[in-house]
Amino acid sequence: MSNERSSFTGKIGFVLAAAGSAVGLGNIWRFPYLAARYGGGMFLLVYVILSVTFGFSLMVAEIALGRKTQQSPIGAFRSLDKRFSFVGLLASLVPVIILPYYSVIGGWVLKYFVGFMTGEAGSMAESTYFNDYIAGAGQPLLWFAVFIGITALIVLFGVQKGIEKVSKVMMPALVVLMLFIVIYTIATMDGAWDGVLYYITPDFSHFSIMTVVAAMGQLFYSMSLAMGIMITFGSYMKKDISIEKSTHQIEIFDTGIAFLAGLMIVPAVYAFSGGDASALKQGPGLMFVTLPKIFETIPGGTVLGAVFFFMVLLAALTSGISLMETIVSTVMDKVKIGRKTCCLIVLGFSFLLGLPSSLGFSQAWSWVRPLGMNMLDFFDFVSNNLIMPVVAFFTCLFIGYFLKPKTLIEELEVSGPFRAKGLFSVMIRYVAPLCVLLILVSSVLNAFGVIVI
Ligand code: PHE
């Protein structure tokens, strides 16, 4: 990938590729359960504010860094300032942690797709199905292996382009299907409207520092920030394309899909549970428990369910591919091994690293709870709430005080005026590093039970 530095054809090519990496399980699976858990409208408001200020600035910075240096993360930082090489290294570690557990969830999606195809829709709609399923060690492990195996095959044979073409057609179709489900739920289910209100009206009594911690972690995850991916994308971007406009487009696209996914799931949870807080706080299983119930009430829901999970599977695959591709190209930059060998090593390593996340829910292993979390949540926490804020902090520090925002502003202005440059400088120098630090400290204290927020 980084040996011959190809570039994207045209403007829309870049936006679509970056959006393909950004839109994935983060939007459809992770965003809704966080929104439900951390106060509905309040979470949404915090997320949107962070996204247009902080997320925007960081994404612009990463893309510009990549385009300026024409290198992948490690090389980008090293070439500008040796003392900051560790930031690139740390950023490259994030996909290594995310890919394994991402694939465990990809495996759940695959299982649900197959379940809808093979007449299991009825039993999947039962409340206990999901928890029983993940508690049984063998099956989830098998589907996890299949998911990560498919991802590796695609990367190995270099057929990403084909998959991306298919997903470009499927993503708009997914949006239409989600819209349909939203309208259907609101129109037919008692109590769904209250759920819509919970989801869109900010209630300040639901605000806590954890709302901000969760929203910021989600922002990194969903927009593929603070893990070097946007630096890599930037290095492929042509000089005549506006980084500012592209960033706006990716942001709108990514946040729009997340918003819609929340609108599809949160009101339904409300309707099924009568606004019961414990149902809303359920966490990672939320989508898998709620959606089959919705499909059960829709005429022809089994077919719709299969189609839906197939599309989610594609979105998950394109993100999984970009995670694996990043790891493979980073490793290949460092050690001189062939692409095939490299893919196999990454596959083997990721499978091993994914075992605890997959088995962590089984009876035999569920007692292993680092920091009081199940293994999957733990890996999710370490990458999103610990390493990514650290990467973001040092990225801001480096750009704000060593490289200077001016250098990146010049890079942006190569392709036309940069309208938000004032906001950009202030964010990168003052607001972002302070916020990230605050959040890092509170999430660490919270995790270790020093303060409960
Ligand atoms: N942003 C992706 C999502 O929302 C996850 C991802 C992270 C994909 C990093 C690629 C790289 O699902």
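Reading guide: rules and limits
- Residues numbered from 1 in each chain as written.
- Predicted model: local features only at pLDDT ≥ 70, side-chain atom pairs only at ≥ 80, totals over all residues.
- Heavy atoms only, no water.
- Axes fitted to C-alpha atoms, helices over the stretch in contact; angles between N-to-C directions.
- Helix = DSSP H or I, 4+ residues; strand = E, 2+ residues; numbered from the N terminus.
- Parallel < 35°, antiparallel > 145°, perpendicular 65-115°, else oblique.
- Left-handed = near helix turned anticlockwise from the far one by under 90°.
- Contact = heavy atoms within 4.5 Å.
- Nonpolar A, V, L, I, M, F, W, Y, C, P; charged D, E, K, R; others polar.
- Near = heavy atom within 4 Å.
- Polar contact = N/O pair within 3.5 Å; in protein donor to acceptor, adjacent residues only side chain to side chain.
- Areas by Shrake-Rupley, 256 points an atom, 1.4 Å probe, with all protein chains shown as cover.
- Phe/Tyr/Trp six-rings, centres within 6.5 Å; stacked < 30°, edge-to-face > 60°.
- Buried < 20%, exposed > 50% of the residue type's maximum accessible area, 1.4 Å probe, protein only.
- Disulfide = S-S within 2.5 Å.

Let's talk about the packing of helix H3 (residues 41–69) against helix H13 (residues 243–273)
Close contact between H3 and H13 brings their axes to 9 Å; oriented N to C, the two are set at 140 degrees. Classed by the angle they form, the pair H3 and H13 counts as oblique. The handedness of the crossing between H3 and H13 is right-handed. Contacts between H3 and H13 involve Leu44, Tyr47, Ser51, Val52, Gly55, Phe56, Met59, Val60, Ile63, Ala64 and Arg67 on the former and, on the latter, Ile243, Glu244, Thr247, His248, Ile250, Glu251, Asp254, Thr255 and Phe259. Residue composition of the contact of H3 with H13, by class: 11 nonpolar, 5 polar and 4 charged.

Points about the site of the ligand
If you check the shell around the ligand, you find 15 residues, and the closest are Ala22, Gly26, Tyr102, Tyr221 and Ile229. Note that an oxygen atom of the ligand is positioned 3.0 Å from one of the backbone N or O atoms of Leu25. Between a nitrogen atom of the ligand and a side-chain N or O atom of Ser224, the distance comes to 3.2 Å. Look at the ligand: alone it shows 320 Å² of surface, and the protein chains cover 100% of it. At the level of elements, helix H1 (10–22), helix H2 (25–37), helix H11 (209–222) and helix H16 (301–334) are the ones that each hand at least two residues to the shell around the ligand. Residues that form the shell around the ligand fall into these classes: 7 nonpolar, 8 polar and no charged.

Here we look at the packing of aromatic side chains
Considering all chains together, one arrives at 34 aromatic pairs under this definition. When the centroid spacing of 5.1 Å and the interplanar angle of 75 degrees are considered together, the rings of Phe31 and Tyr47 count as edge-to-face. Separated by 16 residues along the polypeptide, Phe31 in helix H2 and Tyr47 in helix H3 bring together distant segments of the chain. Like Tyr47, Phe31 is buried.

Digging into the environment of Ser79
Tracing the backbone shows Ser79 in helix H4 (residues 73–80). Excluding anything up to four places from it in sequence, Ser79 contacts Thr69 and Gln71.

A closer look at the state of the cysteines
Here is the idea: a disulfide is a covalent bond, and it sits between the sulfur atoms of two cysteines. The tally for this structure, following the rule as stated, stands at 0 disulfides. No disulfide involves Cys435; its nearest neighbouring cysteine sulfur is the one of Cys396, lying 9.7 Å away. Residue class for Cys435 comes out partly exposed when judged on its relative accessible area of 29%.

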